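Listed below are the residues making up each chain.
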Amino acid sequence: GKRKSWSASVMYDSDESEGSDIVVRKVAAKRRCIMDDDERSEEQQPDKTCPTENAPTSRKQKVLAKLKELVRQSTARRSCSSANCEDSNSEAPVEEEPLCQLPLTPSEGSETDSNSIKDFIVEEEEDNDDDDDIDNTEHVKSENQPHQKQPNPSNSELLAHYIPQLFRCDHYVHFKRIVKAFLINAIDDTFLSSLYDGTRQKKYAQDMLLSLHYLDDRFIQPRLENLICRSRWKDRYKERVDCYPDVRISLKNTKNMSCQACEMRRYCKFSVLLSGRLYNSKTLAVDDFMSDDKQVLKVGMVCANRTRVYHNLKHFKYKLYMDCSSITELDGVEDEPVKDTVDRLFSHLEESGWIQKKYNDLEDYMEDADNFQEEK
């Protein structure tokens, strides 16, 4: 017999002795087949005998080719528009065969092809499984988070409806922390500066610092900016109102002149007296330089009202601190730890309604700023 090796491509094997050409079908690489002379007669009828051995291999190769074609088409679909996608489908139609018909038991000669197909299918299934796991995880998170947070809005709405006083609880808690911080600083004048420079890192100190920022950034500063951007005040007048913590607005004789706030021609009948010592907006430490300086300005009615609203908000924190300092000075208790003194004074102020009254004043000032009229 003769021993012949088959290549992976279609080839023609001619037998010199018989002078006939025999077409050999394409099979996988690495396949070696031993042919005897007795099998020559069977080889001349390939349609009847060879399909039993070669049909599974040929079928796998067709399926692999179709899979590759499907991969190529799916890649093309992702990068083309829907119109081009339809054209490509019409130009290259593929008759898909179910993957379940793929033989699961590889033969000796088709081990490489079978593994390549299996690897392709498994990778795609693993990718899909990973995607499904991610989607399921996100879905579970999206379901669990709203489920956990859902009771809070409903509770707050019910409390705001039936007990309106509790609706302002968060703001009022911030305000009480600020009052306590001012009481401490009135006894130890380094407390606020140590808060802002980061020296104090305990939780109660960080909570007080958060509340101080909350008062400035959420309550006061946005309204001050809104009052200024809607006015025609000159920068020089605004700086004067910012620097002097005390103001007195009085009615004087009407005079047709340029308003010293907006420099517009107005019937000015209000006198604005600015006085007081300059202070640090954070630590509230005062500066005694030119402590007796005063400014008297003649303004119109709109600028006078805006000055009152602006000044009340701008210097509210400083005025609150000065009130807390006066309370500690009038206490007169000596040889007592600072914490005990602050707790005692704070409890007294809260029980007497003093803290609530100051908070109501702040709310009135904010409401005045929110409802202030536009400049005409």
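Small disclaimer: the values here were computed from a predicted structure and weren't measured.

Caption draft 1: Molecular detail of the overall build of the protein. A count of helices and strands for the protein gives 14 helices and nine strands. When each of the 376 residues of the protein is scored for burial, the buried share is 30%. Residue pairs at least 24 apart in sequence account for 69% of intrachain contacts in the protein once pairs closer than 6 positions are excluded. Entry remark: accessible area of the protein is about 24800 Å², with carbon and sulfur atoms responsible for 49%.

Caption draft 2: Representation of the packing of aromatic side chains within the structure. Counted under the stated rule, the structure contains nine aromatic pairs. The interplanar angle of 75 degrees and the centroid separation of 5.6 Å between the aromatic rings of Phe 182 and Tyr 321 together place this pair among those described as edge-to-face. On the criterion of sequence distance, the pair formed by Phe 182 in helix 7 (residues 169-187) and Tyr 321 in helix 12 (residues 316-331) is long-range, its members being 139 residues apart. For the residue pair Phe 182 and Tyr 321, the accessibility class agrees, reading buried in each case. Between Tyr 214 and Phe 219 the ring centres are 5.5 Å apart and the planes differ by 75 degrees, which places this aromatic pair in the edge-to-face class. Residue Tyr 214 is classed as buried on the basis of its relative accessible area, which comes to 16%. Given a relative accessible area of 7%, Phe 219 falls into the buried group. Ring pairing ties together the aromatic residues Tyr 172, Phe 175, Phe 316, Tyr 359 and Tyr 365, which thus form one cluster. It is Lys 180 that lies over the ring of Phe 346; its NZ or CZ is 4.6 Å from the centre.

Caption draft 3: Region of interest: the pattern of salt bridges. This structure, assessed with the given rule, holds 15 salt bridges. Close ionic contact of Lys 180 with Asp 343 constitutes a salt bridge, the shortest N to O distance being 4.0 Å. With Lys 180 in helix 7 and Asp 343 in helix 13 (residues 338-351), this pair connects stretches of sequence that are 163 residues apart. On the basis of relative accessibility, which here comes to 24%, the residue Lys 180 falls in the partly exposed class. For Arg 223, the salt bridge goes to Asp 370, with nearest N and O atoms at 3.1 Å. Of this pair, Arg 223 sits in helix 9 (residues 203-229) while Asp 370 is found in helix 14 (residues 354-370), placing the two residues 147 residues apart along the sequence. A relative accessible area of 18% means that Arg 223 is categorised as buried.

Caption draft 4: Representation of helix 13. For helix 13, which comprises 14 residues, the first-to-last C-alpha distance of 20 Å matches the rise-based estimate of 20 Å (1.5 Å per residue) to within 8%. Along helix 13, the positions that sit buried rather than exposed are Thr 341, Val 342, Leu 345, Phe 346 and Leu 349. One side of helix 13 carries all its buried residues, which in axial view fall inside an arc of 120 degrees. For helix 13, the exposed residues lying more than 90 degrees away from the buried face are Lys 339, His 348 and Glu 351. Among the residues trailing helix 13, Gly 353 stands out with phi positive, at a value near 85 degrees.

Caption draft 5: Structural context of the sheet that holds strand 6 (residues 265-275). Read across the open sheet, the three strands follow the order 5-6-9; overall the sheet is antiparallel. Each having just a single partner strand, strand 5 (246-258) and strand 9 (295-299) make up the two edges of the open sheet. Strand-to-strand, the axes of this sheet are offset by a mean angle of 25 degrees, without reference to chain direction. Relative to strand 6, strand 5 runs antiparallel, the two being bridged by 10 bridges.

Caption draft 6: Spotlight on the environment of Ser 194. Within the secondary structure, Ser 194 sits in helix 8 (residues 191-196). Each C-alpha atom, one on Ser 194 and one on Ala 205, is 9.4 Å from the other, the two residues being 11 residues apart in sequence. Excluding residues within four positions of it along the chain, Ser 194 makes contact with Thr 199 and Arg 200. Within polar-contact distance, the side chain of Ser 194 engages the side chain of Arg 200 at 2.6 Å.

Caption draft 7: How the structure looks around the packing of helix 12 against helix 14. Two numbers describe how helix 12 lies on helix 14: the axes approach to 12 Å, and their chain directions differ by 165 degrees. As judged from the angle between their axes, helix 12 and helix 14 are roughly antiparallel. Considering only the axes of helix 12 and helix 14, their crossing is right-handed. Residues Phe 316, Leu 320, Asp 323, Cys 324 and Ile 327 of helix 12 touch helix 14, and the partners they reach there are Trp 354, Lys 358, Leu 362 and Tyr 365.

Caption draft 8: Spotlight on the environment of Thr 199. Structurally, Thr 199 can be placed in the loop between helix 8 and helix 9. Thr 199 gets classed as exposed once you look at its relative accessible area, which sits at 57%. Here Asp 197 takes part through its side chain, which lies 2.6 Å from a polar atom of the side chain of Thr 199.

Caption draft 9: Molecular detail of the nonpolar core. Judged by nonpolar contacts, the single largest core of 58 residues is most densely connected at Val 179, Phe 182 and Val 299. Counting residues per element, this core draws most heavily on helix 9, at 10 residues. Dropping the residues within four chain positions of it, Phe 182 is found in contact with Leu 192, Leu 212, Leu 284, Lys 317, Leu 320, Tyr 321 and Cys 324.

Caption draft 10: Fine view of helix 12. Under the 1.5 Å per step criterion, the end-to-end length of helix 12 is 23 Å for 16 residues, consistent within 8% with the ideal 22 Å. Burial in helix 12 covers these residues: Phe 316, Lys 317, Tyr 318, Leu 320, Tyr 321, Cys 324, Ser 325 and Thr 328. Gly 332 sits one or two positions beyond helix 12 and adopts a positive phi of about 75 degrees.

What counts and what doesn't
Residues numbered from 1 in each chain as written. Predicted model: local features only at pLDDT ≥ 70, side-chain atom pairs only at ≥ 80, totals over all residues. Heavy atoms only, no water. Helix = DSSP H or I, 4+ residues; strand = E, 2+ residues; numbered from the N terminus. Buried < 20%, exposed > 50% of the residue type's maximum accessible area, 1.4 Å probe, protein only. Contact = heavy atoms within 4.5 Å. Areas by Shrake-Rupley, 256 points an atom, 1.4 Å probe, with all protein chains shown as cover. Phe/Tyr/Trp six-rings, centres within 6.5 Å; stacked < 30°, edge-to-face > 60°. Lys NZ or Arg CZ within 6 Å of the ring centre and 35° of its normal. Salt bridge = Lys/Arg side-chain N within 4 Å of Asp/Glu carboxyl O. Expected span 1.5 Å × (residues − 1). Arc of directions from axis to C-beta. Pairing = 2+ DSSP bridges. Axes fitted to C-alpha atoms, helices over the stretch in contact; angles between N-to-C directions. Polar contact = N/O pair within 3.5 Å; in protein donor to acceptor, adjacent residues only side chain to side chain. Parallel < 35°, antiparallel > 145°, perpendicular 65-115°, else oblique. Left-handed = near helix turned anticlockwise from the far one by under 90°. Core = buried A, V, L, I, M, F, W, Y, C linked by side-chain atoms within 4.5 Å.

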